[in-house]
Amino acid sequence: MVGCVLVRLLNVRVQYFGYIKNLLNKKEEQFELEEDASLSDLLNKLAGVHGVAFRKEVYEPGLKDVKMGFSVTVNGVLMGQLGGVDTKLGDGDNVILMSLMSGG
């Protein structure tokens, strides 16, 4: 076949905890992304799927971090200890989005 390009996809599991879980009314989702996808690609996809509330509260596409009060891990490691939103994702990765706790 001439001009045929095969694109490999990777599957990523996204889990939600705390406020985000309540905001989205979901515990987790599975997403397919292109093989060279980064965390920002996933966050952009989530912003598109979940709309204005997600963009207002959690992540605005184009930013270099999630909004204050939220944290993201990839396979149990904070994104700040990896490559931030530029962290490359792999097939089978587990991403957790959670709100940070505070209390008194």
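The preceding data block contains the structure.
Here the structure is a predicted model, which means the values were calculated and not measured.

1. Looking at the packing of aromatic side chains
All told, the structure shown has one aromatic pair when counted by the stated rule. Between the aromatic rings of Tyr 19 and Phe 70, the centroid separation amounts to 6.2 Å while the plane-to-plane angle is 45 degrees, which identifies the pairing as tilted. In this pair, Tyr 19 sits in helix 1 (residues 19–24) while Phe 70 sits in strand 3 (residues 70–74), placing the two residues 51 residues apart along the sequence.

2. Things to note about the sheet that holds strand 5 (residues 94–99)
Read across the sheet, five strands follow the order 2-1-5-3-4 without closing on themselves; strand pairing throughout is mixed. This sheet does not close on itself; its edge strands, each paired only once, are strand 2 (28–34) and strand 4 (77–78). Where helix 2 (residues 39–57) meets the sheet, its contacts fall on strand 1 (9–17), strand 2, strand 3 and strand 5, and the angle it forms with strand 2 comes to roughly 135 degrees.

3. So, the side chain of Thr 87
Tracing the backbone shows Thr 87 in the loop between strand 4 and strand 5. In this structure Thr 87 comes out as buried when scored by relative accessible area, which is 8%. A distance of 2.8 Å separates a polar atom in the side chain of Thr 87 from the backbone nitrogen of Gly 83. Filtering out sequence-adjacent residues up to four positions away, Thr 87 remains in contact with Ala 37, Ser 38, Leu 39, Met 79 and Leu 82.

4. Structural notes on the nonpolar core
Counting residues in hydrophobic clusters, the biggest one holds 26 residues, and the most contacted among them are Val 14, Leu 42, Leu 46, Val 95 and Leu 97. Elements with a contribution of two residues or more to this core: strand 1, helix 1, strand 2, helix 2, strand 3 and strand 5.

5. Some details on the pairing of strand 2
Along strand 2, the buried face is formed by Glu 29, Phe 31 and Leu 33; none of Glu 28, Gln 30, Glu 32 and Glu 34, which line the opposite face, is buried. Looking at chain direction, strand 1 and strand 2 are connected through seven bridges and run antiparallel. The residue of strand 2 that forms the bridge with Val 12 is Phe 31.

6. Some words on the environment of Ala 53
Take Ala 53: it is sitting in helix 2. Classification of Ala 53 by relative accessible area gives partly exposed; the value is 36%. Once the C-alpha coordinates of Ala 53 and Gly 83 are considered, the two residues, 30 residues apart in sequence, prove to be 26 Å apart.

What counts and how
- Residues numbered from 1 in each chain as written.
- Predicted model: local features only at pLDDT ≥ 70, side-chain atom pairs only at ≥ 80, totals over all residues.
- Heavy atoms only, no water.
- Phe/Tyr/Trp six-rings, centres within 6.5 Å; stacked < 30°, edge-to-face > 60°.
- Helix = DSSP H or I, 4+ residues; strand = E, 2+ residues; numbered from the N terminus.
- Pairing = 2+ DSSP bridges.
- Contact = heavy atoms within 4.5 Å.
- Axes fitted to C-alpha atoms, helices over the stretch in contact; angles between N-to-C directions.
- Buried < 20%, exposed > 50% of the residue type's maximum accessible area, 1.4 Å probe, protein only.
- Polar contact = N/O pair within 3.5 Å; in protein donor to acceptor, adjacent residues only side chain to side chain.
- Core = buried A, V, L, I, M, F, W, Y, C linked by side-chain atoms within 4.5 Å.

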